[in-house]
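Structural features, examined
Given next are the chains, with one letter for each unit.
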Amino acid sequence: MARFAVRRALSALALLFATSVVVFGAFEVIPSYNPAQAIAGRNATPTTVAEVSRKFGFDKPVYTQYVNTMKLVFTGKVIDYQDDLNVVDQFRKRFPVTLSLVLPAGILWFGMAVVLGSVSAMRAGRLTDRVVMVAAIVGVSIPVVLLAALLLYFFAYKLTWFPNTGYHGLSNPVQWAYHLILPWIALAVLNIGFYSRVLRSGLLDMANQDFVRTARAKGLSRGQVFRRHMLRNSLMPIITMFGLDFATAIGGAALITEAVFNLPGIGQYEASSIGNLDVPPILVGAILTAFFVVLFGALIDILYGLLDPRIRLTG
Amino acid sequence: MALDPAIGPDAGSGVVIGSDQGSGGAWEGGRHAPAVGPWRLAMRRMRRNRVALAFLGLFILIVVVCVLAPVYSHDIAQIGPNQNNITGQVKVGGQEKDVVAVDGTPIGPTFTSHYFLGADTNGRDLAVRLLYGGRTSLLIGGVATVIIIVLGTLFGLLSGYLRGVADGILRPLMELIWSFPPVILGVVVGTALALGGLGPIKGNSVFIPAFIIGVIYSPYLGKPIRGEILRLREQDFVDAARAQGMGPMRIMFTEVLPNAASTIIVFIPLMLAQALLLEAYLSFLGAGVQAPNASWGTLIADGLNYIETTPTFCLIPGIMLVLTVLSVNVFGDGLRDALDPRAQVRIKT
């Protein structure tokens with residue numbers, strides 16, 4: 001266990017370092033990229049720009065800038081160029097919104113995928129299976145942008161069953177859920193399609209395995225075999241996928257859903273920062289995402305050990 | 001007792017076809033039985049899958065229609081895709097109507113040759129832009145898929161066959177790209193390159209998003225190919241080739257690669273579908289196709305601003321994109337079933 005933790009921590013550090021270098025470097029190659037100009041404002045004189053450049057250290061070599069920025073990030077003092085806001089504070093303020101979006105959506109997409117994938121595999125070749133699989137392939141073919149637009153148009157504008165956009169705090173749980181139902185669906189549908197397809201093909205592979213026949217032969221019912229043997233073994237691939245998808249989504253990868261539904265989460269902050277070439281928020285977002293990816297990767301591996309005692313944690 | 005030509009080992013399983021020919025009566029009369037190779041068997045399975053073929057037809061139809069965009073633009077609509085026409089008028093049912101009304105509202109679908117699907121706020125013909133946008137989207141998707149296939153195959157081949165140093169460099173590189181959410185990575189690199197360009201390619205070129213998408217998704221092919229190559233390189237035919245004195249490069253490309261071909265082919269439609277979707281996301285976030293060029297992604301993004309008043313702006317390019325991706329996906333499923341019924345494929349956005 002200690003070995004596992006150490007190795008994971010080391011690979012996490014490597015990933016965080018690589019991520020921050022890639023993000024920082026991507027912007028340094030832009031010829032027209034001039035953060036000093038952005039901070040000083042559009043009408044600033046060249047002297048002001050030069051002053052700002054000196055104050056923030058943009059005149060220093062790239063590696064010095066990188067080290068300084070990373071120092072600010074990890075001391076929590078880094079500010080964005082656009083509005084002079086403390087980036088870490090912004091992330092802290094916006095994180096509950098993203099979590100409100102992603103956590104229920106994640107439960108929804110994982111749960112629905114397990115139900116639909118199982119039903120489809122149990123009824124393989126029959127009408128139920130066909131209907132579910134057609135729905136799944138349509139689901140993986142719809143871009144999130146369009147699905148969000150469709151939901152907004154039909155359920156918010158035409159039928160006015162749901163409010164169009166915006167976010168309500170958790171202080172009023174009913175309003176909170178009411179405002180988030182459409183975003184949850186928009187975020188979940190694509191993943192329900194992917195996961196149920198993967199789960200179904202895994203379960204169908206499982207049906208021909210010797211241990212399934214043995215379990216039936218020793219007298220377990222179909223349902224028992226399904227739950228204790230087939231499902232348990234087939235869940236692994238989609239649990240792996242879930243770990244990565246969930247981690248990146250709470251790190252800001254749900255930015256399209258947040259943008260369309262105007263939810264003030266970290267994805268929306270990242271999207272607007274990217275448009276303005278505002279490096280610090282993008283950097284913090286990328287580091288946060290990498291951190292979640294490593295964290296959930298480790299949690300998933302521990303979960304593997306629980307699901308399948310043959311698997312040992314080796315890091 | 002002739003061999004039923006439809007019965008044979010599955011394609012892509014690496015089994016040598018015809019190993020049991022000597023035992024049957026196929027040799028009687030001194031003539032060879034028509035040998036059925038794995039590719040032909042796959043073709044047969046494919047031909048039986050009517051649904052997949054129908055969707056392939058739909059995809060080809062969409063491609064042809066989009067390729068013919070200049071013809072429609074020049075001969076029917078008589079307006080270019082980026083040509084503004086704010087003050088112009090158009091004849092609808094014998095009446096002259098403003099293309100863009102005084103209050104800025106563009107004309108809706110006329111279902112005539114001019115402004116068939118209506119105009120946008122700049123008075124540009126949406127039907128023309130839809131077709132040109134389709135060309136852009138399909139071009140980006142196609143180029144990106146070629147890049148994915150070439151890079152992914154090279155990644156997988158070099159790191160799987162050579163192992164050692166090559167694997168030590170390529171595998172962490174693939175892991176790095178893999179563990180990054182494609183949308184965020186694409187947006188960061190896309191924004192950067194859209195401003196700065198890439199070598200000789202200008203920033204607003206459609207090859208920039210194609211290149212980005214290609215690089216981002218290459219590990220999604222490279223990782224499974226690597227696994228496949230690791231398995232293949234331990235097989236006897238590789239030892240035989242080595243014993244004949246072949247060098248590693250020749251073994252890689254003439255012995256190992258053809259055996260991994262079915263895996264690569266299965267990935268082509270799946271990667272194309274993913275590339276088309278990612279293009280739409282990048283363009284929606286302003287990091288893909290740059291104005292004034294249109295793609296289905298930018299048209300959806302533009303239309304989203306008018307979803308309350310004119311939902312067709314957003315929905316028509318959206319439906320085109322969904323139909324294209326859906327047809328590619330359904331055909332891809334059929335192709336996978338035909339080539340390798342037991343393939344495990346992992347694709348994610």
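Let me sum up the structure you'll find in this document.

About the thresholds
- Residues numbered from 1 in each chain as written.
- Chains lettered and ligands numbered in written order.
- Predicted model: local features only at pLDDT ≥ 70, side-chain atom pairs only at ≥ 80, totals over all residues.
- Heavy atoms only, no water.
- Helix = DSSP H or I, 4+ residues; strand = E, 2+ residues; numbered from the N terminus.
- Buried < 20%, exposed > 50% of the residue type's maximum accessible area, 1.4 Å probe, protein only.
- Contact = heavy atoms within 4.5 Å.
- Salt bridge = Lys/Arg side-chain N within 4 Å of Asp/Glu carboxyl O.
- Polar contact = N/O pair within 3.5 Å; in protein donor to acceptor, adjacent residues only side chain to side chain.
- Nonpolar A, V, L, I, M, F, W, Y, C, P; charged D, E, K, R; others polar.
- Axes fitted to C-alpha atoms, helices over the stretch in contact; angles between N-to-C directions.
- Parallel < 35°, antiparallel > 145°, perpendicular 65-115°, else oblique.
- Left-handed = near helix turned anticlockwise from the far one by under 90°.
- Patch = residues over 30% accessible without salt bridge, like charges linked within 9 Å, V, L, I, M, F, W, Y side chains within 5 Å.
- Areas by Shrake-Rupley, 256 points an atom, 1.4 Å probe, with all protein chains shown as cover.
- Core = buried A, V, L, I, M, F, W, Y, C linked by side-chain atoms within 4.5 Å.
- Domains from an automatic or database assignment.
- Disulfide = S-S within 2.5 Å.
- Phe/Tyr/Trp six-rings, centres within 6.5 Å; stacked < 30°, edge-to-face > 60°.
- Lys NZ or Arg CZ within 6 Å of the ring centre and 35° of its normal.

**Here we look at the environment of A:Leu204**
Residue and element names in this part refer to chain A.
- Note on placement: Leu 204 falls in helix α8 (residues 173-207).
- Under the relative-accessibility criterion, Leu 204 is labelled partly exposed at 29%.
- For Leu 204 and Ile 256, which are 52 residues apart along the polypeptide, the C-alpha to C-alpha distance reads 34 Å.
- Excluding residues that lie within four positions of it along the chain, Leu 204 makes contacts with Ala 121 and Ala 124.

**Description of the interface of chain A and chain B**
- Each partner contributes to the interface: chain A provides 48 residues, whereas chain B provides 40 residues.
- Summed over the shared surface of chain A and chain B, the result is 1 salt bridge.
- Residue A:Arg197 pairs with B:Asp333 through a salt bridge whose shortest N-O separation is 2.8 Å.
- Run the count over chain A and chain B and you get 3 residue pairs in polar contact (both at pLDDT 80 or more).
- Secondary-structure elements contributing two or more residues to the side of chain A that touches chain B are α1 (2-28), α6 (127-139), α7 (144-158), α8, α10 (222-253), α11 (255-260), α12 (266-275) and α13 (279-307) of chain A.
- Residue composition of the side of chain A that touches chain B, grouped by class: 36 nonpolar, 8 polar and 4 charged.

**A short note on the packing of α7(A) against helix α11 (residues 312-339) of chain B**
- In contact at an axis separation of 10 Å, α7(A) and α11(B) are set at 135° when each is read in the N-to-C sense. On the basis of the axis angle, α7(A) is oblique to α11(B). Judged by the sense of rotation from one axis to the other, the crossing of α7(A) with α11(B) is left-handed. For the pair formed by α7(A) and α11(B), the contact residues are A:Leu146, A:Ala149 and A:Leu150 on the first element and B:Cys314, B:Leu315, B:Gly318, B:Ile319 and B:Val322 on the second.

**Some details on a nonpolar patch on the surface**
Residue and element names in this part refer to chain B.
- Taken together, the side chains of Val 146, Val 150, Leu 154, Leu 162, Met 249 and Phe 253 present a nonpolar region at the surface, about 520 Å² in accessible area.
- When residues of the nonpolar patch are traced back to their parent elements, those giving at least two are α4 (126-162) and α9 (248-284).
- Broken down by element, the nonpolar patch gets its largest block of residues, 4 residues, from α4.
- Tracing the backbone through its elements, the reader meets Met 249 in helix α9.

**Let's talk about the nonpolar core**
- If you look at the biggest cluster of nonpolar residues, it comprises 184 residues, and the most contacted ones within it are A:Ile256 and B:Tyr281.
- At 18 residues, α9(B) tops the list of elements feeding residues into this core.
- For this core, the domains that each give at least three residues are domain 1 (2-74) and domain 2 (91-307) of chain A.
- If you look at the next biggest cluster of nonpolar residues, it comprises 9 residues, including B:Ala42, B:Met46, B:Leu335 and B:Leu339.

**Remarks on the state of the cysteines**
Residue and element names in this part refer to chain B.
- Evaluation of the coordinates by the stated rule reveals 0 disulfides over all chains.
- Here Cys 66 is not cross-linked by a disulfide; its sulfur's nearest cysteine counterpart is in Cys 314, at 17 Å.
- Exposure remark for Cys 66: the relative accessible area of 0% places this residue in the buried category.

**Some remarks on the pattern of salt bridges**
- The final tally for this structure, using the stated rule, is 10 salt bridges over all chains.
- Two residues, A:Arg92 and A:Asp89, come together in a salt bridge whose shortest N-O distance is 3.7 Å. In this pair, A:Arg92 and A:Asp89 both sit in helix α5 (residues 87-122), 3 residues apart, roughly one turn of the helix.
- Under the relative-accessibility criterion, A:Arg92 is labelled exposed at 58%.
- On the basis of relative accessibility, which here comes to 42%, the residue A:Asp89 falls in the partly exposed class.
- Linked by salt bridges that have partners in common, B:Arg163, B:Arg233 and B:Glu234 make up one network.

**Some words on the packing of aromatic side chains**
- Within this structure, the stated rule accounts for 15 aromatic pairs over all chains.
- With a centroid separation of 5.5 Å and an interplanar angle of 75°, the aromatic rings of A:Phe24 and A:Tyr66 are classed as edge-to-face. Within this pair, whereas A:Phe24 is found in helix α1, its partner A:Tyr66 is found in helix α4 (residues 62-75), the two being separated by 42 residues in sequence.
- Take A:Phe24: its relative accessible area is 7%, and that puts it in the buried class.
- Of the residues examined, A:Tyr66 reaches a relative accessible area of 13% and is grouped as buried.
- An angle of 70° between the planes, with centres 5.6 Å apart, marks the rings of A:Trp109 and A:Phe242 as edge-to-face. Highlighted residues: A:Trp109 in helix α5 and A:Phe242 in helix α10, separated in sequence by 133 residues.
- The exposure class of A:Trp109 is buried, given its relative accessible area of 1%.
- Here the guanidinium or amino end of B:Arg233 rests over the ring plane of B:Tyr161, the centre of that ring lying 5.1 Å away.

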